[in-house]
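# Structural overview for review
One letter stands for each residue in the lines below.
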Amino acid sequence: ISWIMSKAKVPALYSGFKSYVRFLTEKIYYRKVYYLNTENVPEDGTPLLVVSDHQNSLNDALGILMSIRDRVVHVIVRADVFALSPIADKFLRSIGLLPAFRLNWEGEAALKNNGATFRDSEKSLLDGSTVAIYPEAGHQDRHWLGTFSYGYTKMAFEAAEMGNFEKEIFILPSCNHYSEYAGLRNEMLIKYGTPISLKPYYELYKTKPRTAQREVNTLVREQINSLMLNIQDAENYDAIDAIRQGEYGIIYAKNQNMDPTQLPQKLVADKKLVAALDAAKESNPSMVQSVYESARAVYGELKKKGIDESALTQTPGVGNLLVQIAVVAFLFPLAVFSLWPALPAWFIPKYFSDKAEDKMFHGTFLIALNALLIFPVCGLLTFFVTWVKTSLLAGLIYVALFPALCLFEWAYVGWIKDIIHGFNAIRAEKSGVLGRLRDSRKQLFRDIDNIVK
């Protein structure tokens, strides 16, 4: 691992492959990415352990890998990700990821495999390299912070001990955040905290290692919690998430002088809103619980009837829908043309993610399979066929258009869904359902205002 971790020995092939994955991640998969407080990352050569919450499987690791540009980062992630397929295993290792085996998942017998991973990571830390790890020992499927394992503190202190406590090792808290977990063209945020030096705890560790680990863990966890959106009310998570993601969350952000279209500002506003809801629940739990039940009813019915919440503010007009249908019909030939490569690029990863028990592997399969297999194979096949049938230039142009064709196809399907939602809203308006939901939402917003003020 040491040769992978050293900046001076970063292979050109690795750098090229990382640029390729960066393009797919930052320009195709996500609409926008935010790397915040990267100035807090110590200069290269500083022994650094990045510790983060875990919200979205491989995507979290890619966020750290891409946000720290001046060095190779070795990320230790849950071992079952590597067991998804031989392709996934090769891809993950090729970008510097290594498996961590866990008692509750891989079993006691597999724990011995952690020895080599942690030992080499400790050596890399001592050499001034960067390692990233997720102490929750598994990703979450929602915005909340799980229990931390002390394995990362043990690794950091053992690395210091390996060097006779002569080197100062730092832990850098980090968080990741997403506008949505699944699908294309969402937004991703990686935010770093303030580096924590282990040097002040070296003497304590020599006599009371567990106490030193516990104190450091407390500092790290407090920072991560302050950076991320942590919805701790698991019983009412769905209602809280619907409120902050919906129109009320947008209005609340604007009232807080935040721009809800900017994910970093929306995160700050969401944290304030969730904190206000939690505080209100402590003082008047029955009233807040009633609000959550109302939110479930309103947003549940909207979802059931296939209506966007925006229709409660302004019902789509028939004329506008007809114009949208005309545009979609006009672009239909291009949509058919774009099925290659969009069809394999979407449905092959979807096939594997649907088979996986963990729905959070959606992004892992979509990015990994496209980067490692689908785009290269489909690209070469398309290039040679087009070259033979037409010309070399046509083959190059066709392959160069792959990303644009995939994005167009995704947008085209979205336009069709918008039309369907629009007609659903018109039917609901005529039947009186939309008016009833509109009144229910107005009351819901008034009730929320009353409890968060």
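Residues numbered from 1 in each chain as written. Predicted model: local features only at pLDDT ≥ 70, side-chain atom pairs only at ≥ 80, totals over all residues. Heavy atoms only, no water.

Under the defined criterion, the tally for this structure stands at 16 salt bridges. Between Arg31 and Glu187 there is a salt bridge, with the nearest N and O atoms lying 3.1 Å from each other. Taken as a pair, Arg31 in strand 1 (residues 30-36) and Glu187 in strand 7 (residues 186-192) lie far apart in primary sequence, 156 residues in all. On the basis of relative accessible area, Arg31 is assigned to the partly exposed category, the value being 47%. Of the charged contacts in the structure, one is a salt bridge between Arg244 and Asp270, with a shortest N-O distance of 3.0 Å. Highlighted residues: Arg244 in helix 10 (residues 237-245) and Asp270 in helix 12 (residues 263-283), separated in sequence by 26 residues. On the accessibility criterion, Asp270 (1% relative accessible area) is buried. (Salt bridge = Lys/Arg side-chain N within 4 Å of Asp/Glu carboxyl O. Helix = DSSP H or I, 4+ residues; strand = E, 2+ residues; numbered from the N terminus. Buried < 20%, exposed > 50% of the residue type's maximum accessible area, 1.4 Å probe, protein only.)

Across all of its chains, the model carries 23 aromatic pairs by this definition. Judged by centre distance (6.4 Å) and plane angle (25 degrees), the rings of Tyr248 and Tyr252 are stacked. Taken as a pair, Tyr248 and Tyr252 lie in helix 11 (residues 247-255) at a separation of four residues, close to a single helical turn. Residue Tyr252 is classed as buried on the basis of its relative accessible area of 11%. Between the aromatic rings of Phe361 and Phe365, the centroid separation amounts to 6.5 Å while the plane-to-plane angle is 75 degrees, which identifies the pairing as edge-to-face. The same class applies to Phe361 and to Phe365, which are both buried. Each member of the aromatic cluster is reached from another via a ring pair, and the members are Tyr29, Tyr30, Tyr178 and Tyr181. Across from the ring centre of Tyr237, 4.6 Å away, lies the NZ or CZ of Arg142, which sits over that ring. Of note, Arg221 hangs over the ring of Phe148, and the distance from its end group to the ring centre comes to 4.9 Å. (Phe/Tyr/Trp six-rings, centres within 6.5 Å; stacked < 30°, edge-to-face > 60°. Lys NZ or Arg CZ within 6 Å of the ring centre and 35° of its normal.)

Attention now goes to the pairing of strand 7. The element strand 7 is largely enclosed, with a buried count of six among its seven residues. Note: strand 1 against strand 7, six bridges, orientation parallel. For Leu36, the partnering residue across the bridge sits in strand 7 and is Lys191. (Pairing = 2+ DSSP bridges.)

Moving on, we come to the packing of helix 14 (residues 318-330) against helix 19 (residues 402-431). Two elements in contact, helix 14 and helix 19, have axes separated by 10 Å at closest approach and are oriented at 155 degrees. Between helix 14 and helix 19, the interaxial angle falls into the category roughly antiparallel. Considering how the two elements wind past one another, helix 14 and helix 19 form a crossing that is left-handed. Note on element contacts: helix 19 touches helix 14 through Tyr412, Trp415, Ile416, Asp418, Ile419, Gly422, Phe423 and Ile426, opposite Val318, Leu321, Gln324, Ile325 and Val328. Each residue belonging to the contact of helix 14 with helix 19 can be placed in one class, and the counts come to ten nonpolar, two polar and one charged. (Axes fitted to C-alpha atoms, helices over the stretch in contact; angles between N-to-C directions. Parallel < 35°, antiparallel > 145°, perpendicular 65-115°, else oblique. Left-handed = near helix turned anticlockwise from the far one by under 90°. Contact = heavy atoms within 4.5 Å. Nonpolar A, V, L, I, M, F, W, Y, C, P; charged D, E, K, R; others polar.)

Membership of the largest hydrophobic core comes to 68 residues, with the highest contact counts inside it found for Leu49 and Ile171. Non-local contacts of Ile171, meaning those with residues more than four positions away in its chain, are made with Leu49, Val51, Tyr152, Ala156, Thr194, Pro195, Ile196, Leu198, Val216 and Val220. Of all hydrophobic cores here, the second largest spans 37 residues; its members include Val41, Ile64, Ala132 and Ile190. (Core = buried A, V, L, I, M, F, W, Y, C linked by side-chain atoms within 4.5 Å.)

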